Amino acid sequence: MIGPDDLGMADHLLIGLTLLAPETFYPAHVHPAVEIYIPIGGVGIWSKGNEQPTATAPGTMILHQSGNVHTTESKLDPVLALYIWRGDLVTSSKFITD
């Protein structure tokens, strides 16, 4: 919605929506941008770093600092969340494989 190449122009800010289908696991990844998620609908399971995954209800802010490994998972219901990226918007996410 807002970003360098989006409807609202911003060089160091990216704002949009993400939708996870039911029973979807978005694998461990990392990126240099600071990321904020605000779930809008559905309860997602969010993890970051070595912390235990946590069920997070709509309206709760989730902060991923630059370089934090994190995952997201939906269960029976889809999860809709607003995301905000700040900082390095050019470097893509790197998925972590074992």
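Here, every reference points to the structure presented above.
Below, the discussion takes up the nonpolar core. Of all hydrophobic cores here, the largest spans six residues; its members are Leu20, Tyr37, Trp46, Ile62, Val79 and Ala81. The residues contacting Ala81, other than those within four sequence positions of it, are Gly16, Leu17, Thr18, Tyr37, Ile38, Pro39, Ile40 and Trp46.

In spatial order, the strands read S7-S6-S9-S4-S11; together these five strands make up an open sheet with antiparallel pairing. The open sheet terminates on both sides in strands that have one partner only, identified here as strand S7 (54–56) and strand S11 (94–95). Across five bridges, the pairing between strand S6 (residues 44–48) and strand S9 (residues 70–74) is antiparallel. The residue bridging Ser47 from the neighbouring strand is Thr71, located in S9.

A separate point is the side chain of Thr71. By the secondary structure assignment, Thr71 is in strand S9. Only 2.4 Å separates the side chain of Thr71 from the side chain of Ser47, close enough to count as a polar contact. Not counting residues within four places of it along the chain, the set of residues in contact with Thr71 comprises Phe25, Tyr26, Pro27, Ala28, Ile45, Trp46 and Ser47.

In this section: the pattern of salt bridges. All chains considered together, the criterion is met by one salt bridge. Between Lys75 and Glu73 there is a salt bridge, and its shortest N-O distance comes to 3.1 Å. What makes Lys75 partly exposed here is its relative accessible area of 43%.

Parameters at a glance
- Residues numbered from 1 in each chain as written.
- Predicted model: local features only at pLDDT ≥ 70, side-chain atom pairs only at ≥ 80, totals over all residues.
- Heavy atoms only, no water.
- Core = buried A, V, L, I, M, F, W, Y, C linked by side-chain atoms within 4.5 Å.
- Buried < 20%, exposed > 50% of the residue type's maximum accessible area, 1.4 Å probe, protein only.
- Contact = heavy atoms within 4.5 Å.
- Pairing = 2+ DSSP bridges.
- Helix = DSSP H or I, 4+ residues; strand = E, 2+ residues; numbered from the N terminus.
- Polar contact = N/O pair within 3.5 Å; in protein donor to acceptor, adjacent residues only side chain to side chain.
- Salt bridge = Lys/Arg side-chain N within 4 Å of Asp/Glu carboxyl O.

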